[in-house]
Protein chains: 2
Amino acid sequence: MAEPHELRQRGLRLTPQRELVLSAVRELGHATPEEVAERVRQSHPGINLSTVYRNLETLENVGLVQHTHLGHGGATYHAAEELTHLHLVCGTCGSVGDAPIEVAANFVNSLADDYGFKTDVTHFAVYGTCADCARDDI
Amino acid sequence: MAEPHELRQRGLRLTPQRELVLSAVRELGHATPEEVAERVRQSHPGINLSTVYRNLETLENVGLVQHTHLGHGGATYHAAEELTHLHLVCGTCGSVGDAPIEVAANFVNSLADDYGFKTDVTHFAVYGTCADCARDDI
DNA sequence: CTTGAAGGTGCGAACATCTCGCAATTAGCG
DNA sequence: CGCTAATTGCGAGATGTTCGCACCTTCAAG
């Protein structure tokens, strides 16, 4: 039973770079393209940044990874399987916390009912002040 | 009665560039730094982009304007008075809709109660698919 | 009204990110 | 094995934003 590789299943060629980019994203959890490249270089030093960008895009197109905006400008990538939480970004200390998507369920439903807007809560972070910073009142 | 200018009240010097940047932000609603610069150039052609960036930052520090991330990478600026709505960004057509912040009230309260996280819902857009695109199912 | 110090502006260079074109390489079908 | 199209590496280029520095303005003090 020739169980085809998950990349081949999606019509992609199986290149070492591609596999490494995918596993880097999986290992890193949240990662910028730069961080992915750095991780990949541990086992494949010659990989080019362009290749990382292109593979992230390709992998996103076939649904294996997704990107999220955590602020500033750059996107960060996740394995698609892990997108089960939303991101709480603290504007004071910069920390990124997680919360289950369920906390947004009512909000999402309201937007759907009132505006017909289908929300993907994981795509943008939720911005604010984390508990620690709010307490310290820096 | 010498009502001091709003900029002077906040300890800022009154320069033509500064005033123009502020009024451009007010007139434009949502605007990228580039758009602000373009608007300002209508009455003050020589203004430098750096000056726009610096003034946006300065005005933000004193609370007259705020920036929001609507996606991609760049920030967009608002007059602080107008930040009474959240932004619904459609990933399909790119449109930016508004919704009153009240729709997020429960969500914000949940995050505060369960995580101690004080949310600023206006800072990041809410990403998803707008009613039109969802209907067309493009 | 003058004047000096601090703040602000313009300009160009430097970055940081990300995209693209192109030639060389490689996966995978037949 | 041999071909073709997909993929990679590389360098150049497009953006978007920041920074240093010399010159210019604001404004308060005299």
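Everything numeric in this text was worked out from a predicted model, so none of it was measured.

Cut-off values and rules
Residues numbered from 1 in each chain as written. Chains lettered and ligands numbered in written order. Predicted model: local features only at pLDDT ≥ 70, side-chain atom pairs only at ≥ 80, totals over all residues. Heavy atoms only, no water. Helix = DSSP H or I, 4+ residues; strand = E, 2+ residues; numbered from the N terminus. Buried < 20%, exposed > 50% of the residue type's maximum accessible area, 1.4 Å probe, protein only. Contact = heavy atoms within 4.5 Å. Areas by Shrake-Rupley, 256 points an atom, 1.4 Å probe, with all protein chains shown as cover. Lys, Arg positive; Asp, Glu negative; His and termini not counted. Charge placed at Lys NZ, Arg CZ, Asp CG, Glu CD. Near = heavy atom within 4 Å. Polar contact = N/O pair within 3.5 Å; in protein donor to acceptor, adjacent residues only side chain to side chain. Nonpolar A, V, L, I, M, F, W, Y, C, P; charged D, E, K, R; others polar. Least-squares fit on C-alpha atoms with pLDDT ≥ 70 in both. Pairing = 2+ DSSP bridges. Buried area = accessible area lost by both parts, 1.4 Å probe. Salt bridge = Lys/Arg side-chain N within 4 Å of Asp/Glu carboxyl O. Arc of directions from axis to C-beta.

## So, the overall build of chain A
Piece 1. Looking only at helices and strands, chain A has six helices and six strands in total.
Piece 2. Seen through its C-alpha atoms, chain A measures out along the principal axes to roughly 50 × 40 × 25 Å.
Piece 3. Per-residue burial over chain A gives 38% buried out of 138 residues.
Piece 4. If you take every contact in chain A between residues at least 6 apart in sequence, the share linking residues at least 24 apart comes to 46%.
Piece 5. Here chain A has roughly 7,200 Å² of accessible surface; of this, 47% comes from carbon and sulfur atoms.
Piece 6. If the 10 positive side-chain charges of chain A are averaged to one point and the 19 negative ones to another, these points end up 12 Å apart.

## Comments concerning the protein's contact with DNA strand D
Piece 1. The local shell around DNA strand D holds 21 residues, among which Thr15, Arg18 and Thr51 of chain A together with Arg8 and Tyr53 of chain B are the closest.
Piece 2. Measuring from a phosphate oxygen of DNA strand D, one finds a backbone N or O atom of Asn48 of chain A at 3.3 Å.
Piece 3. Residue assignment for the surface near DNA strand D shows that the elements contributing at least two residues are helix H2 (16–28) and helix H4 (49–61) of chain A together with helix H4 (49–61) of chain B.
Piece 4. When grouped by side-chain class, the residues that make up the surface near DNA strand D number five nonpolar, ten polar and six charged.

## Things to note about the relation of the copies chain A and chain B
One copy of the chain maps onto the other through a rotation about an axis plus a displacement along that axis.
Piece 1. In the superposition of chain A on chain B (RMSD 0.1 Å, axial shift 0.0 Å), the rotation amounts to 180°. Taken together, the turn and the small shift mark the pair as related by a two-fold rotation axis. The C-alpha atom lying nearest the rotation axis in chain A is that of Gly73 of chain A; the distance is 2.1 Å.
Piece 2. Most of the interface of chain A is mirrored in chain B, where 100% of its interface residues again form contacts.

## Here we look at the sheet that holds strand S3 (residues 85–90) of chain A
Piece 1. Strand order in the open sheet formed by four strands is S4(A)-S3(A)-S6(A)-S5(B), with mixed pairing between adjacent strands. Bordering the open sheet on either side are strand S4 (96–100) of chain A together with strand S5 (118–119) of chain B, each of which pairs with just one other strand.
Piece 2. The pairing of S3 of chain A with S4 of chain A spans five bridges and is classified as antiparallel. Across the sheet, the residue bridging to His87 of chain A is Asp98 of chain A, located in S4 of chain A.

## Observations concerning the interface of chain A and chain B
Piece 1. At the interface, 33 residues of chain A touch 33 residues of chain B.
Piece 2. Carbon and sulfur atoms make up 73% of the surface buried where chain A meets chain B, a total of about 2,700 Å² over both sides.
Piece 3. Its largest share of buried area at the contact with chain B, chain A owes to Phe117, Phe124 and Tyr127 of chain A, together 26% of the area lost on that side.
Piece 4. Summed over the shared surface of chain A and chain B, the number is zero salt bridges.
Piece 5. Applying the counting rule to chain A against chain B returns six residue pairs in polar contact (both at pLDDT 80 or more).
Piece 6. Counting only elements with at least two residues in the side of chain A that touches chain B, the list comes to S3, S4, helix H5 (105–115), strand S5 (118–119), strand S6 (126–129) and helix H6 (131–136) of chain A.
Piece 7. Grouping the amino acids of the side of chain A that touches chain B by side-chain chemistry returns 20 nonpolar, nine polar and four charged.
Piece 8. Sheet topology note: the S5 of chain A/strand S6 (residues 126–129) of chain B ladder contains two bridges and is antiparallel.

## A word on the pairing of strand S2 (residues 75–79) of chain A
Residue and element names in this part refer to chain A.
Piece 1. Most of S2 sits out of view: five of its five residues are buried.
Piece 2. Of the two faces of S2, the one carrying Ala75, Tyr77 and Ala79 and the one carrying Thr76 and His78 are both buried.
Piece 3. Sheet topology note: the strand S1 (residues 65–69)/S2 ladder contains five bridges and is antiparallel. Among the inter-strand pairings, Val65 is bridged to a residue of S2, identified as Ala79.
Piece 4. Where S1 hands over to S2, the hairpin turn is made up of five residues, of which Gly71 adopts a positive phi near 135°.

## As for the pattern of salt bridges
Residues and elements named next belong to chain A.
Piece 1. Under the counting rule described, the total for this entry stands at eight salt bridges over all chains.
Piece 2. Between Arg39 and Glu27 there is a salt bridge, and its shortest N-O distance comes to 2.1 Å. Taken together, the residues span a long stretch of sequence, with Arg39 in helix H3 (residues 33–41) and Glu27 in helix H2 at a distance of twelve residues.
Piece 3. Classification of Arg39 as partly exposed rests on a relative accessible area of 27%.

## Some words on H3 of chain A
Residue and element names in this part refer to chain A.
Piece 1. All of the buried residues in H3 are Pro33, Val36, Ala37 and Val40. Each buried residue of H3 lies within a common arc of 100° when the element is viewed along its axis, so the set occupies one face.
Piece 2. Packing partners of the buried residues in H3 comprise H2, H4 and S2.

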